[in-house]
Amino acid sequence: MKIEKIETFRAAVPLTKPFKTALRTVVTAETVIVKVTCENSISGWGEAPPTLVITGDSLPSIEASIHQVLKPFLIGKNLLNYEVIFQGIQSVLVGNSSAKAAVDMALYDCLAKHSRLPLYQYLGGYTDEMETDFTVSVNDVREMGEDAVSYIQQGFNVLKVKVGLGDSALDIDRIREIRSRVGPDIKIRLDANQGWKPKEAVNVIGKMEDLGLNIELVEQPVKAHDIEGLKQVTDAVETPIMADESVFTPKQAFDVLKTRSADLINIKLMKAGGIYQASIINQLAEICGVECMAGSMIETRIGITAAAHFAAAKKNITRFDFDAPLMLAKEIVEGGVRYSGRKMTFSEGNGLGISDVLLNDGEVLAK
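Figured I'd write up the structure that's included with this text. (Residues numbered from 1 in each chain as written. Predicted model: local features only at pLDDT ≥ 70, side-chain atom pairs only at ≥ 80, totals over all residues. Heavy atoms only, no water.)

As a further point, take the overall build of the chain. Within the chain, the regular secondary structure consists of 12 helices and 17 strands. Over its C-alpha trace the chain gives a radius of gyration of 20 Å, about what one expects of a compact globule, namely 21 Å for 367 residues. Projected onto its principal axes, the C-alpha positions of the chain cover 60 × 40 × 35 Å. Counting all 367 residues of the chain, 59% fall into the buried class. In the chain, once contacts between residues fewer than 6 apart in sequence are set aside, the share between residues at least 24 apart is 71%. For the chain, the accessible area works out to roughly 14,200 Å², and carbon and sulfur atoms hold 48% of it. The average position of the 40 basic charges and that of the 48 acidic charges among the side chains of the chain differ by 2 Å. (Helix = DSSP H or I, 4+ residues; strand = E, 2+ residues; numbered from the N terminus. Rg over C-alpha atoms; globule rule 2.2 N^0.38 Å. Buried < 20%, exposed > 50% of the residue type's maximum accessible area, 1.4 Å probe, protein only. Contact = heavy atoms within 4.5 Å. Areas by Shrake-Rupley, 256 points an atom, 1.4 Å probe, with all protein chains shown as cover. Lys, Arg positive; Asp, Glu negative; His and termini not counted. Charge placed at Lys NZ, Arg CZ, Asp CG, Glu CD.)

Right, let's talk about helix 3 (residues 97–114) for a bit. With 18 residues, helix 3 should cover 26 Å at 1.5 Å per step; its first-to-last C-alpha distance of 25 Å lies within 8% of that length. Burial analysis of helix 3 places 17 of its 18 residues in the buried class, which makes it a mostly covered element. (Expected span 1.5 Å × (residues − 1).)

Most of strand 2 (residues 25–38) sits out of view: 10 of its 14 residues are buried. Across 13 bridges, strand 1 (residues 3–20) lies against strand 2 in antiparallel orientation. By the bridge assignment for strand 2, threonine 8 is matched with valine 34. With antiparallel pairing between neighbouring strands as the criterion, strand 1 and strand 2 make up a hairpin whose turn holds four residues. Strand direction decides the pairing type here: strand 2 and strand 3 (residues 43–48), joined by six bridges, are antiparallel. Bridging from a neighbouring strand, valine 36 pairs with glycine 44 of strand 3. Hairpin connection of strand 2 to strand 3: four residues between the antiparallel strands, including serine 41 at a positive phi of 70°. (Pairing = 2+ DSSP bridges.)

This part covers empty space enclosed by the protein. A probe matching the size of a water molecule, rolled over the atoms, marks out where space remains unfilled. Considering all chains together, one arrives at one cavity of 30 Å³ or more under this definition. There is about 170 Å³ of room inside the largest cavity. Lining the largest cavity we find 18 residues, and of these Phe19, Lys162, Lys268, Ser296 and Met297 sit closest to its centre. Taken together, the residues that form the lining of the largest cavity break down as seven nonpolar, four polar and seven charged. (1 Å grid on protein atoms, 1.4 Å probe; cavity = no way out; pocket = protein on both sides within 12 Å on 5 of 7 lines; lining within 4 Å. Points joined across faces, edges and corners; volume = space filled by probe spheres on them. Nonpolar A, V, L, I, M, F, W, Y, C, P; charged D, E, K, R; others polar.)

On to the layout of surface pockets. In this structure, the largest pocket occupies an estimated 250 Å³ of space. As for the largest pocket, its lining consists of 13 residues, and the residues nearest its centre are Arg24, Val26, Thr28, Glu30 and Pro50. Among the residues making up the lining of the largest pocket, the classes are represented as eight nonpolar, three polar and two charged. Space inside the second largest pocket adds up to approximately 150 Å³. Lining the second largest pocket are Tyr82, Tyr108, Tyr122, Leu123, Tyr276, Ser279, Ile280 and Lys314. It is helix 11 (residues 275–287) that contributes the most residues to the lining of the second largest pocket, three residues altogether. Along the lines of polarity and charge, the residues of the lining of the second largest pocket split into six nonpolar, one polar and one charged.

Let us look at the packing of aromatic side chains. For the coordinates displayed, the defined rule picks out seven aromatic pairs. Centroid distance tyrosine 120 to phenylalanine 346: 5.0 Å. Interplanar angle 15°. Geometry classified as stacked. One end of the pair, tyrosine 120, is in helix 4 (residues 119–122); the other, phenylalanine 346, is in strand 15 (residues 343–346), and 226 residues separate them in sequence. An angle of 55° between the planes, with centres 4.9 Å apart, marks the rings of phenylalanine 134 and phenylalanine 156 as tilted. With a gap of 22 residues between them, phenylalanine 134 in strand 5 (residues 134–136) and phenylalanine 156 in the loop between helix 5 (141–153) and strand 6 (158–162) connect regions that are remote in the sequence. Just as phenylalanine 134 is buried, phenylalanine 156 falls in that class too. Grouping aromatic residues by their ring pairs yields a cluster made of Tyr82, Phe86, Tyr108 and Tyr276. In this arrangement the basic side chain of lysine 77 is found over the ring face of phenylalanine 73, its NZ or CZ atom lying 4.3 Å from the centre. (Phe/Tyr/Trp six-rings, centres within 6.5 Å; stacked < 30°, edge-to-face > 60°. Lys NZ or Arg CZ within 6 Å of the ring centre and 35° of its normal.)

Turning next to the sheet that holds strand 4 (residues 130–131). Read across the open sheet, the three strands follow the order 4-15-14; overall the sheet is antiparallel. Each edge of the open sheet is held by one strand with a lone partner, namely strand 4 and strand 14 (337–340). Pairing of strand 4 with strand 15, which is carried by two bridges, proceeds in the antiparallel orientation. Bridge assignment links methionine 130 to a residue of strand 15, and that residue is methionine 344. Against the sheet, helix 12 (residues 301–313) engages strand 4, strand 14 and strand 15, with an angle of about 90° to strand 14. (Axes fitted to C-alpha atoms, helices over the stretch in contact; angles between N-to-C directions.)

Dropping the structure here:
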């Protein structure tokens, strides 16, 4: 099954409400869509959104990485020799994890279709149903409380609340407001997006514990490179701490795991460089008895569908953060993962189950 063609297309979809974190504000989901076609007419989809403040990838760099490096490496190769191909994707190009992820997921889409299986079954088939959280962007206290209530009314029972922007005392006010509005039974997980210093994180989380705010976990409280600071927070508080931006590669996961610097790991395909590397990270974590969450950037249904198939295939992935398509003002994908409130299932069909993609100019890219 030789790889014959690799194409890229740009798309941009407005969000219904700005997405705000300690690192950035997003009003439009921009992305590079990848289509890989093999000689037997099997084709697969991938996607790479630019997330400069996290992965360092821009739209031009993603396209250049694919067309100037990955495409020449892949064209003409037999995809059935996929071990050589997936290891080669990582070795021919340093960094550029989003570009690698987009090509990787398109190749896995092709492989699963060749095997006549949905991708989650091709990868392991642990489950075919998941429940996603919904993200509360960081804003003023009242707005965050109102947003939280709105998402609960839409059927979500796990909130991922963005904090880490401004005075840390304000973060406590934000969470007190949300907890008072949604009641004691809703799960609240925090994501500081590197917004605190280690001692500050210990202080803030400790005060939230004393107030009985019942936080499920805190994600990436300190700077990505500060593994010692991450461990300092993990060791000092009762609330489970999750590493996110600190873990892109299997080596980084190994470093966090061997030092017990976090209780959990958030795996994102855009950080890991695709499903192949993400699977290694998950296996390392599972060996160490550390559960993982599968998350995402602000992506369309293409990237989220690939991530969801990966997550559903693995027992050790116990938490899911796949709300990005629900934030978009319009849908550009036919097929893929389906939502019923917080519940997620897969469309019928092999691979990712995506049939069409609609670009900005109205062009339809059919399978």
